[in-house]
Amino acid sequence: MKQVIEQHSLKGMAASPGIIIGRAVVLQKDKLDIKPVPVSSTEVQKEINEFNQAIARVKKDLLNMSAAVSKRLGSDYARIFETQAMIADDPVINAKVVELIEKENLQGAYLYYQQIDEVVKQLSRSSDRYLKERILDINSVCNRLIRVLQGAKKSVVQETKGPTVVIAKYLSPADLLGFSVRKTVGFALELGGVTSHTSLLAKSLNLPAIVGIGSDLNKINTGNRVIMDGYSGKLIVNPRPDMRQRFRDRRKTLANINLQLDKIKDEPALTRDGHRLKVYNNIELPAETGRILKSGAEGIGLFRTEYLYLADNAIPDFDKQYKAYKSVLSKMSGNPVLIRTFDMGGDKFAVDDVQAVDPNPFLGWRAIRFCLDRPQVFKTQLKALLKASVHGNMGIMLPMISNLDELLEVKDIIGQCRVELAGENIKTRDNIPLGIMIEVPSAVMIAEHLAQEVDFFSIGTNDLIQYTLAVDRTNKMLTHLYQSFHPAVLKMIVKSIAAGHKYDIKVGLCGEMASDPYAIIILAGMGIDELSTSYLSTGMVKQIIRNIDIEKARDMAAKACSLKSSSQVEAYLVKEVNANFPEILPIIDFIKGANNG
């Protein structure tokens, strides 16, 4: 392995925030020797017994972890290990392995690996990021089982003192829990995504993490100095002394900002000249609800219900959904909770024994389109939502609405669900707010028609930007073209807000723009009513709003929309903020500094 000498940076995806300045330790794993080892006819039954015993042991270990995690973090995270236990106990794959042991007289470890490899190859053909991330769970179970069968040692981290960044191809949730007892540790992984089980668990454990860095991570050796920035997704290898000092200063700045934000977290998001906005949070899991109120947020602006599917790799039944929705609504104690119906790509599903393979999931069978094509799945979710509605202040939010007919069909289905629940003597709340996400240009262009049929809009800027600019936001080659401040995007947002306000409905915004300091200012000036962001950004968003003047923000928004390019807009915003709102420059310097290290 070649020693890295000069300072250089690697870029991945920021999966869990935090800054680690310390040493790298490379996760050493015993290489699995997976070869087709013959088994004599007299040893076949023994091999089958050992395979079945290994399955039972792995399943038991995973369920024990599930119980321990449930006590420590709650049932949402415990389901990660329950899901892996179900993968290990897959009756089809395991029966096939037993059949092949008898038929081909080969060891179970090799045959099991072959079966799993076929499944992984099928999943790898998908372009959907959620589905690809499930591969990590399957591989984790496979490796665990084969290690049991072969008697391999557990993965070990070479010991170092002080702050540590674990370097690995990937980590299983079990690996993460094992390392979480260390005081100062972060993780830099070659593979993975921000919605993987490992990433979600890292956030819950407050462990900084970067994922999806790629194969260049292999050039790092144990002992290399590293700086890991879990805010920007950047890993700096062998940093120079001046860079280490820069990040020490950055960390101090963060601590000072957090102290300031903590003082105002429970204050309203009120501009200096008295204009009021609402600040909400986005969540993936019911277990995150406790953080929302502690962060100072006034409600939940986006509850992504698709995680209920992803946690189990199966569409959740009525009872499981009802309990999840009830839990969140009850804990929020009357604060608004906007629950989005399933927003998943078509290639995530195997429904009615038909695997739906979508060559372009971003433009294909996803979100509301899937739900309307599978009314029983959709009605189960809607009924669970309606039943849970009596436990709090709930709104239902529909993703990917592109035409009026879709919306009218959904309203009709909701009416059917109400009638059916009434027939079962199940009470529901009257006048539940119904809203849509504005995510595609067609919805913007007919926003005035849509506004007359709903109670609120929520602008989903992540998708709206990519659809408006025809840029796949997951394609690294197109990063420079994914422009939040493109004049076309700004005009789409202005048009959507104006349409909503014309018909007296609230217009919120969720997506990354809700936590961009410059965007917050012009969004306020455009007339946005609500911003929904990560709980970690709540104080920052409030601090920015409380240090601006709405009249100046309106002037800035109007001017920004008249400019010709994203670069012109950004240059103008930098100039105006420096001149008019110097109080928020430390926050901007911290956030933007993450991208200039």
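Draft legend 1. Structural view of the overall build of the chain. Scanning the chain for helices and strands turns up 23 helices and 20 strands. Scored against the burial criterion, the 597 residues of the chain give a buried share of 55%. In the chain, 71% of the contacts between residues at least 6 apart in sequence involve partners at least 24 apart. Accessible surface computed for the chain: about 26,000 Å², of which carbon and sulfur atoms make up 50%.

Draft legend 2. Broad picture of empty space enclosed by the protein. In total, this model carries 4 cavities of 30 Å³ or more according to the counting rule given. Size it by volume and the largest cavity reaches roughly 70 Å³. Forming the walls of the largest cavity are Tyr280, Gly301, Leu338, Phe456, Phe457, Ser458, Lys506, Gly508, Leu509, Glu530, Leu531 and Ser532. When contributions to the lining of the largest cavity are tallied by element, the ones reaching two or more residues are β18 (456-460), β19 (506-510) and β20 (530-533). In this model, the second largest cavity occupies a volume close to 50 Å³. For the lining of the second largest cavity, the leading source of residues is helix α5 (residues 129-150), giving 4 residues. Taken together, the residues of the lining of the second largest cavity sort by class into 4 nonpolar, 4 polar and 3 charged.

Draft legend 3. A look at the nonpolar core. Ranked by size, the top nonpolar core spans 117 residues in total, and within it Leu398 and Phe457 carry the most contacts. If one sorts the elements of this core by residue count, helix α19 (residues 517-526) sits on top with 8 residues. Setting aside residues no more than four positions away along its own chain, Phe457 makes contact with Ile436, Ile438, Ala447, Leu450, Ala451, Ser496, Ala499, Gly500, Ile505, Lys506, Val507 and Gly508. One finds Phe51, Ile138, Leu171 and Leu176 within the second-largest nonpolar core, a separate group that totals 57 residues.

Draft legend 4. Examining the confidence of the model for the chain more closely. Residue-level pLDDT values for the chain average 87, and 89% of them are 70 or greater. In the model, residues 346-358 has pLDDT below 50 throughout and makes 31 contacts with residues more than four positions away in sequence or in other chains.

Draft legend 5. The side chain of Glu576, seen in detail. One can find Glu576 in helix α22 (residues 566-580). A residue is classified by how much of its surface remains accessible, and Glu576, at 13% relative accessible area, is buried. Apart from residues lying up to four places away in sequence, Glu576 is in contact with Lys552, Met556 and Phe581.

Draft legend 6. Layout of the packing of aromatic side chains. According to the stated counting rule, one finds 3 aromatic pairs in the structure shown. Ring plane angle 50° and centroid distance 6.0 Å describe the contact between Phe51 and Tyr112, whose orientation is recorded as tilted. A residue pair is termed long-range when its members are at least 10 positions apart, and Phe51 in helix α1 (residues 44-73) and Tyr112 in helix α4 (residues 108-124) qualify at 61 residues. The same class applies to Phe51 as to Tyr112, namely buried. A ring pair is formed by Phe303 and Tyr325, whose centres lie 6.3 Å apart and whose planes are at 80°; its orientation type is edge-to-face.

Draft legend 7. The arrangement of the environment of Ile213 in detail. Within the fold, Ile213 resides in the loop between β7 (209-211) and β8 (225-229). Residue classification places Ile213 among the buried positions, given a relative accessible area of 9%. With 22 residues separating them in the primary sequence, Ile213 and Leu235 have C-alpha atoms 8.7 Å apart. Look past the residues within four positions of Ile213 in its chain and what remains in contact with it is Leu10, Lys11, Gly12, Ala188, Leu189, Glu190 and Leu235.

Draft legend 8. Spatial organisation of a positive patch on the surface. Taken together, the side chains of Arg23, Arg225, Arg248, Arg251 and Lys252 make up a positively charged region of the molecular surface. In terms of residue count, the dominant contributor to the positive patch is helix α8 (residues 241-264) (3 residues). Locating Arg248 in the fold gives a position in helix α8. The class of Arg248 is partly exposed, set by a relative accessible area of 32%.

Draft legend 9. Layout of a negative patch on the surface. Side chains of Asp373, Asp405, Glu409 and Asp412 sit close together on the surface and give a patch of like negative charge. Considering each element in turn, the negative patch owes the most residues, 3 residues, to helix α14 (residues 404-423).

Draft legend 10. Structural context of the pattern of salt bridges. Under the defined criterion, the tally for this structure stands at 20 salt bridges. Residue Asp216 pairs with Lys219 through a salt bridge whose shortest N-O separation is 3.9 Å. Asp216 sits in the partly exposed class, given a relative accessible area of 39%. A salt bridge links Glu448 to Lys502, with the shortest nitrogen-to-oxygen separation between them at 3.0 Å. Of this pair, Glu448 sits in helix α16 (residues 447-451) while Lys502 sits in helix α18 (residues 487-502), and the two are 54 residues apart along the sequence. Residues joined by salt bridges that share partners form a network here, namely Arg272, Asp549 and Glu583.

Draft legend 11. Broad picture of the packing of α18 against α19. Running from amino to carboxyl end, α18 crosses α19 at an angle of 35°, the nearest separation of the two axes being 10 Å. Crossing geometry of α18 relative to α19 is assigned as right-handed. Here Leu490, Ile493, Val494 and Ile497 of α18 lie close against α19, whose contacting residues are Ile522, Leu523 and Met526. When the residues that make up the contact of α18 with α19 are grouped by side-chain class, the tally is 7 nonpolar, no polar and no charged.

Draft legend 12. Expanded view of unusual backbone geometry. One non-glycine residue, Asn238, lies in the positive phi region at around 50°. Residue placement: Asn238 occurs in the loop between β9 (234-237) and α8. We note that Ala470 has phi near 55°; this positive angle belongs to a residue other than glycine. Looking at the element boundaries, Ala470 is found in the loop between α17 (461-469) and α18.

Draft legend 13. Fine view of helix α20 (residues 538-545). Among the 8 residues in α20, 8 count as buried, and that is most of the element. Thr538, Gly539, Met540, Val541, Lys542, Gln543, Ile544 and Ile545 are the residues of α20 that are buried.

Draft legend 14. Expanded view of the pairing of strand β12 (residues 300-304). Burial analysis of β12 places 4 of its 5 residues in the buried class, the great majority of the element. Looking at chain direction, β12 and strand β13 (residues 336-340) are connected through 3 bridges and run parallel. Each residue of the ladder has a partner; that of Arg304, found in β13, is Arg340.

Draft legend 15. Up close: the pairing of β18. Where burial is concerned, most of β18 is hidden: 5 out of the 5 residues are buried. Of the two faces of β18, the one lined by Phe456, Ser458 and Gly460 and the one lined by Phe457 and Ile459 are each fully buried. In this sheet, β18 lies alongside strand β17 (residues 434-438) in parallel orientation, the contact comprising 4 bridges. Bridging across to β18, Met437 finds its partner in Ser458. Pairing between β18 and β19: 5 bridges, direction parallel.

What counts, and where the lines are drawn
Residues numbered from 1 in each chain as written. Predicted model: local features only at pLDDT ≥ 70, side-chain atom pairs only at ≥ 80, totals over all residues. Heavy atoms only, no water. Helix = DSSP H or I, 4+ residues; strand = E, 2+ residues; numbered from the N terminus. Buried < 20%, exposed > 50% of the residue type's maximum accessible area, 1.4 Å probe, protein only. Contact = heavy atoms within 4.5 Å. Areas by Shrake-Rupley, 256 points an atom, 1.4 Å probe, with all protein chains shown as cover. 1 Å grid on protein atoms, 1.4 Å probe; cavity = no way out; pocket = protein on both sides within 12 Å on 5 of 7 lines; lining within 4 Å. Points joined across faces, edges and corners; volume = space filled by probe spheres on them. Nonpolar A, V, L, I, M, F, W, Y, C, P; charged D, E, K, R; others polar. Core = buried A, V, L, I, M, F, W, Y, C linked by side-chain atoms within 4.5 Å. pLDDT = per-residue confidence, 0-100. Phe/Tyr/Trp six-rings, centres within 6.5 Å; stacked < 30°, edge-to-face > 60°. Patch = residues over 30% accessible without salt bridge, like charges linked within 9 Å, V, L, I, M, F, W, Y side chains within 5 Å. Salt bridge = Lys/Arg side-chain N within 4 Å of Asp/Glu carboxyl O. Lys, Arg positive; Asp, Glu negative; His and termini not counted. Charge placed at Lys NZ, Arg CZ, Asp CG, Glu CD. Axes fitted to C-alpha atoms, helices over the stretch in contact; angles between N-to-C directions. Left-handed = near helix turned anticlockwise from the far one by under 90°. Pairing = 2+ DSSP bridges.

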